[in-house]
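# Architecture and fold: a report
What follows is the residue order along each chain.
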Amino acid sequence: MIEHIELFFKSIFIDNMVFAVFLGMCSYLAVSKKVATAVGLGAAVIFVLAITVPLNWLLDQYLLQPGALVWLGPEFAEYDLGFLSFIMFIATIATMVQLVEIVVEKFSPSLYNSLGIFLPLIAVNCAILGGSLFMQSREIETLGLAVNYGISSGIGWFLAILAIAAIREKIRYSNVPAPLRGLGITFIVTGLMGIGFLSFGGMLTGGDEEVEEAPKEVVVVETTEIEKEEDNQLKIVN
Amino acid sequence: MGLLSKKDAKLITDPLADNNPITIQVLGICSALAITAELKASLVMGIAVLFVLGIGNVVISLMRNIIPSKIRIIVQLIVVASLVIIVDQVLKAYAYELSKTLSVFVGLIITNCIIMGRFEAFALGNGPWKAFLDGIGNALGYAVILLAVGFFRELLGSGTLFGIPVLGDPIEKTGLYSTGYENNGFMLMPPMALIIVGLIIWVQRSRNTTLIED
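Worth saying up front: this structure is predicted, and the values here are computed from it rather than measured.

### Things to note about the overall build of chain B
Scanning chain B from N- to C-terminus turns up nine helices and two strands. The principal-axis extent of the C-alpha atoms belonging to chain B is close to 65 × 45 × 40 Å. Relative to its full complement of 214 residues, chain B shows a buried share of 50%. Considering only intrachain contacts with a sequence separation of at least 6, the fraction spanning at least 24 residues in chain B is 74%. Of the roughly 9900 Å² that chain B leaves accessible, carbon and sulfur atoms contribute 67%. Side chains of chain B give 15 positive and 14 negative charges; the mean places of these two sets differ by 11 Å.

The following block contains the structure:
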């Protein structure tokens with residue numbers, strides 16, 4: 001249980017998709033002019049991540065990892081299909097996003113209209129593929145943790161785009177120098193937010209936990225004192 | 001191959017400044033920020049994108065009349081993914097340490113919006129030679145920004161360029177360090193890349209005022 005909570009908070013604050021690893025920056029910059037559209041896109045990202053990361057985890061576990069094909073038969077234990085990861089991940093993502101688009105169009109036409117072009121764009125949003133790739137490279141262990149990672153990294157991205165949209169709405173009334181207006185100031189403000197998020201780095205380390213120290217090995221060196229003078233002299237051995 | 005015609009040459013030079021994929025078209029930001037702590041990584045990433053975008057643009061352009069519109073995103077993704085797999089395997093074979101530094105960002109070239117962006121905006125509507133030049137131009141524009149950010153981050157953050165110490169030795173206190181200068185470790189942290197790109201945008205738009213947004 002504790003590792004779920006740890007992963008949850010770690011993915012939102014410490015390994016935040018936008019501030020720590022810069023995933024999904026293009027849509028982050030393009031959609032953050034108004035809070036309303038930012039919320040819509042953020043929610044879509046959480047949803048897509050929550051579905052695709054566990055799906056890709058299953059693919060990775062049973063198809064792509066070295067030795068994963070064992071369930072087909074013991075002679076397959078040596079196959080390593082890892083190099084197919086990119087194509088398989090992006091294929092699941094593209095399919096899932098297409099499905100999400102169809103579902104959203106059917107059940108909530110207003111949301112569909114407001115998201116417009118963004119839904120197909122989510123398929124190529126590096127945050128989505130990045131979520132799956134980080135899940136693979138960090139070797140997330142169980143399906144439950146994969147779901148947790150998908151949702152929490154989505155929430156992290158959502159927090160970031162919500163914050164920058166709110167700031168951009170207000171900053172229109174400030175005296176930003178003309179060449180910095182729009183894109184430039186967004187970069188700088190995002191950088192400052194990133195610096196702020198760095199402060200979360202100490203959140204899950206140290207604290208009140210007592211860490212059991214491994215017993216230190218004491219090495220005893222035996223030394224023998226030479227008691228007799230004659231023993232100290234080189235002797236010719238026959 | 002003779003001299004490029006004026007229009008063709010423009011395909012290469014435009015993205016270097018006025019239509020830069022990162023600072024003007026706002027594409028390809030993710031990898032530009034994440035891996036630029038070292039100049040070597042920036043260079044390798046630039047070369048990788050050059051390879052993928054150059055060849056990808058030509059392939060898509062050659063296929064542009066036979067791809068049905070409904071599945072064109074999927075076809076584009078497959079072309080890019082295959083090229084990136086090649087890049088990834090070559091990197092893992094010949095530059096293993098570097099591939100560890102670049103980690104998932106090699107894979108993320110697939111979703112690098114520059115590539116999909118140029119496919120949609122150019123390759124689908126133009127012939128292979130022009131598409132190739134456009135791909136090269138945009139990849140070079142991308143690489144220029146990457147190298148600029150990487151240059152400042154590595155120089156100010158660790159006092160080295162391509163791993164070679166240029167300001168002296170920080171431990172022995174030779175060169176610039178003897179005056180009391182210290183490396184700004186903060187430059188190696190992710191947020192500084194954002195601020196440096198913001199400053200580059202500031203400089204670029206001050207010089208070319210037509211690019212200013214309202």
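The rest of the description comes next.
### Quick word on unusual backbone geometry
Residue and element names in this part refer to chain A. Not every positive phi belongs to a glycine, and phenylalanine 22 is a case in point at roughly 60°. Position of phenylalanine 22 relative to the elements: it lies in the loop between helix H1 (2-14) and helix H2 (25-31). On the accessibility criterion, phenylalanine 22 (1% relative accessible area) is buried. One non-glycine residue, glutamate 139, adopts positive backbone phi at about 55°. For glutamate 139, the location among the structural elements is in the loop between helix H7 (126-137) and helix H8 (143-171). When its relative accessible area of 60% is taken as the criterion, glutamate 139 is described as exposed.

### As for the environment of Leu133(A)
Relative to the helices and strands, Leu133(A) is located in helix H7. Using a relative accessible area of 3% as the deciding quantity, one classes Leu133(A) as buried. Sequence separation of Leu133(A) and Leu198(A) is 65 residues, and the distance between their C-alpha atoms is 23 Å. With residues up to four places along the chain from it excluded, the contact list for Leu133(A) reads Phe86(A), Phe89(A), Val104(B), Gly107(B) and Leu108(B).

### So, the nonpolar core
Formed by 108 residues in total, the largest nonpolar core has its most connected members in Met25(A), Tyr28(A), Trp157(A), Phe187(A), Ile29(B), Leu33(B) and Ile110(B). Beyond its immediate stretch of four places on either side in the chain, Met25(A) contacts Val18(A), Ile29(B), Cys30(B), Leu33(B) and Leu194(B). In this structure, Leu155(B), Leu161(B), Leu167(B) and Tyr177(B) belong to the second largest nonpolar core, which totals five residues.

### Concerning helix H9 (residues 183-198) of chain A
Helix length check: H9(A), at 16 residues, gives a terminal C-alpha distance of 23 Å against a target of 22 Å (1.5 Å per residue), a fit within 8%. A large share of H9(A) lies buried, amounting to twelve of its 16 residues. Buried within H9(A) we find Leu183(A), Gly184(A), Ile185(A), Thr186(A), Phe187(A), Ile188(A), Val189(A), Thr190(A), Gly191(A), Met193(A), Gly194(A) and Phe197(A). Residues of H9(A) that are buried in the fold lie against H1, H2 and H8 of chain A together with helix H2 (29-34) and helix H9 (190-207) of chain B.

### Quick look at the interface of chain B and chain A
It is common to give the size of an interface as the accessible area that goes away when the parts come together. In this complex, chain B contributes 39 residues to the contact, which on the side of chain A involves 39 residues. Counting across the chain B and chain A interface gives zero salt bridges. Here chain B and chain A share zero residue pairs in polar contact (both at pLDDT 80 or more) between them. When residues of the side of chain B that touches chain A are traced back to their parent elements, those giving at least two are H2, helix H4 (72-94), helix H6 (104-107), helix H7 (113-121) and H9 of chain B. Ranked by residue count, the leading element in the side of chain B that touches chain A is H9(B), at eleven residues. Within the side of chain B that touches chain A, the residues separate by chemical class into 27 nonpolar, eight polar and four charged.

### Quick word on H9(B)
Spanning 18 residues, H9(B) covers 27 Å between terminal C-alpha atoms, matching the ideal 26 Å at 1.5 Å per step. By the burial criterion, the buried members of H9(B) are Pro190(B), Pro191(B), Met192(B), Ala193(B), Leu194(B), Ile195(B), Ile196(B), Val197(B), Gly198(B), Ile201(B), Gln204(B) and Arg205(B). Its buried side turned inward, H9(B) meets H2 and H9 of chain A together with H2 and helix H8 (128-158) of chain B.

### Considering the confidence of the model for chain A
Residue and element names in this part refer to chain A. For chain A, the mean per-residue pLDDT works out to 79, and 79% of the residues sit at or above 70. No element of chain A has a lower mean pLDDT than helix H6 (residues 118-123), at 70, and none a higher one than H8, at 92. Predicted confidence for residues 207-215 stays below pLDDT 50, and this span has zero contacts to residues more than four positions away or in other chains.

The rules behind the values
- Residues numbered from 1 in each chain as written.
- Chains lettered and ligands numbered in written order.
- Predicted model: local features only at pLDDT ≥ 70, side-chain atom pairs only at ≥ 80, totals over all residues.
- Heavy atoms only, no water.
- Helix = DSSP H or I, 4+ residues; strand = E, 2+ residues; numbered from the N terminus.
- Buried < 20%, exposed > 50% of the residue type's maximum accessible area, 1.4 Å probe, protein only.
- Contact = heavy atoms within 4.5 Å.
- Areas by Shrake-Rupley, 256 points an atom, 1.4 Å probe, with all protein chains shown as cover.
- Lys, Arg positive; Asp, Glu negative; His and termini not counted.
- Charge placed at Lys NZ, Arg CZ, Asp CG, Glu CD.
- Core = buried A, V, L, I, M, F, W, Y, C linked by side-chain atoms within 4.5 Å.
- Expected span 1.5 Å × (residues − 1).
- Salt bridge = Lys/Arg side-chain N within 4 Å of Asp/Glu carboxyl O.
- Polar contact = N/O pair within 3.5 Å; in protein donor to acceptor, adjacent residues only side chain to side chain.
- Nonpolar A, V, L, I, M, F, W, Y, C, P; charged D, E, K, R; others polar.
- pLDDT = per-residue confidence, 0-100.

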